[in-house]
Amino acid sequence: MTRIVYVNGAYKRYGEAAIHVEDRGFQFADAVYEVIEVLGGRLVDATRHLARLERSLRELAISPPMRESALLHIIGEVIRRNRVRDGIVYMQVTRGAGPREFALPGPDVLPTLVVFARTQPRGRADRLAETGIVVKTVPDNRWERCNIKTVMLLPAVLAKDAARRAGAREAWFVDSSGTITEGASSNAWIVTAKGVLVTRPLGQEILPGVTRATVMDVAKAEGLRVEERAFTRDEALRATEAFITSATNIAMPVVTIDGQGIGNGLPGPLTRRLRSRFHQMAEISAV
Ligand code: PDD
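All values derive from a computational prediction rather than experimental measurement. (Residues numbered from 1 in each chain as written. Predicted model: local features only at pLDDT ≥ 70, side-chain atom pairs only at ≥ 80, totals over all residues. Heavy atoms only, no water.)

A. Up close: the nonpolar core. Counting 24 residues, the largest nonpolar core has I75, V89, M91 and V115 as the members making the most contacts within it. Those elements that provide at least two residues to this core are strand 3 (31–39), helix 2 (46–59), helix 3 (68–81), strand 5 (87–94) and strand 6 (112–119). Per element, the largest residue contribution to this core is 5 residues, and it comes from helix 3. Setting aside residues no more than four positions away along its own chain, M91 makes contact with V32, Y33, E34, I36, L50, L53, L71, I75, V114 and V115. The next biggest cluster of nonpolar side chains, apart from the first, holds 21 residues, and it includes I133, V196, L237 and M252. (Core = buried A, V, L, I, M, F, W, Y, C linked by side-chain atoms within 4.5 Å. Buried < 20%, exposed > 50% of the residue type's maximum accessible area, 1.4 Å probe, protein only. Helix = DSSP H or I, 4+ residues; strand = E, 2+ residues; numbered from the N terminus. Contact = heavy atoms within 4.5 Å.)

Below you can see the structure in the form of structure tokens.
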């Protein structure tokens with residue numbers, strides 16, 4: 001449970017934390033965010049997450065609310081005040097509040113910063129990884145700047161809902177040429193019959209996942225081959241393994257796509273290996 005939330009300079013009780021009704025994050029989704037895994041009270045891959053936050057802000061010309069060291073201090077404080085050992089910390093920066101106007105505001109409008117943390121026992125994800133998850137594919141109807149981590153998540157919300165109604169846990173977006181771009185809130189991977197890991201190359205169609213980058217480091221250390229190229233839904237259905245990566249899922253096996261079993265229908269050995277080595281390779285930092 002979240003007890004304390006940081007909002008614009010103050011630590012507020014969860015039920016009382018609030019932003020302005022004319023915050024641009026609320027009205028225009030004019031905001032970016034990050035989700036960082038907390039493991040044993042420490043941050044997983046903070047450097048990569050904070051670098052991506054800075055890049056997202058730069059892409060949209062939103063002023064950073066503070067220096068990185070100050071943000072890290074707040075993140076640590078929020079984790080401690082919520083007594084989170086294993087879970088996540090969420091941070092969101094919006095362009096700020098002001099009378100509703102499409103045009104960007106002047107420099108007098110200051111960005112809004114919200115940070116909260118939540119306990120998510122690792123056991124739950126680990127149990128899920130024992131059986132693997134089901135994926136449903138849906139058309140990718142998002143914009144052309146998916147490499148920026150904005151809170152404009154309605155297509156992902158609706159895709160997840162379509163997945164849930166079909167008995168699936170994650171949705172994989174398919175572009176107009178039939179290739180998988182990424183998951184609604186994860187990056188998508190398959191393993192070929194030759195044991196090659198395949199994931200889409202970075203570009204505007206996908207978020208440059210931090211977990212994706214660290215899984216690549218793990219793969220390299222394990223002597224596994226990684227090909228960064230687009231793959232089709234048909235190729236995914238013929239794959240020997242499939243999995244998703246995200247801060248909350250690490251490497252999570254996908255055992256069924258659109259009702260069809262992948263490989264032998266069980267979590268694959270390479271996915272298990274990547275998952276089990278992940279935290280040895282990731283940057284784990286005290287905060
Ligand atoms: N989602 N692609 C999309 C569209 C995502 O929303 C996410 C993360 C990822 C994986 O990125 P990373 O490995 O850096 O977590 C890929 C977060 C966890 C969320 O929205 O909750």
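B. Here's a closer look at the domain arrangement of the protein. We note that the domain assignment places domain 1 (4–120) and domain 2 (125–285) within the protein. On a C-alpha basis, the centroid separation for the pair domain 1 and domain 2 is 26 Å. Taken together, the contacts link 25 residues of domain 1 with 24 residues of domain 2. Taken together, both faces of the contact between domain 1 and domain 2 bury some 2,200 Å²; the carbon and sulfur share is 56%. (Domains from an automatic or database assignment. Buried area = accessible area lost by both parts, 1.4 Å probe.)

C. A look at the side chain of E182. As for its placement among the helices and strands, E182 is situated in strand 9 (residues 180–183). A polar contact is formed between the side chain of E182 and the side chain of R142, at a distance of 2.8 Å. (Polar contact = N/O pair within 3.5 Å; in protein donor to acceptor, adjacent residues only side chain to side chain.)

D. The arrangement of the site of the ligand in detail. Close to the ligand lie 18 residues, the nearest being Y33, R52, E182, V210 and T211. Residue K149 places a side-chain N or O atom 3.3 Å away from a nitrogen atom belonging to the ligand. One of the backbone nitrogen or oxygen atoms of A247 is found 2.9 Å away from an oxygen atom of the ligand. When the ligand sits alone it has 470 Å² of accessible area, and the protein chains cover 88% of it. For the shell around the ligand, the elements supplying multiple residues, two or more each, are strand 3, helix 2, strand 9, helix 6 (210–221) and strand 13 (241–246). Grouping the amino acids of the shell around the ligand by side-chain chemistry returns 6 nonpolar, 9 polar and 3 charged. Both domains that furnish three or more residues to the shell around the ligand are identified here as domain 1 (4–120) and domain 2 (125–285). (Near = heavy atom within 4 Å. Areas by Shrake-Rupley, 256 points an atom, 1.4 Å probe, with all protein chains shown as cover. Nonpolar A, V, L, I, M, F, W, Y, C, P; charged D, E, K, R; others polar.)

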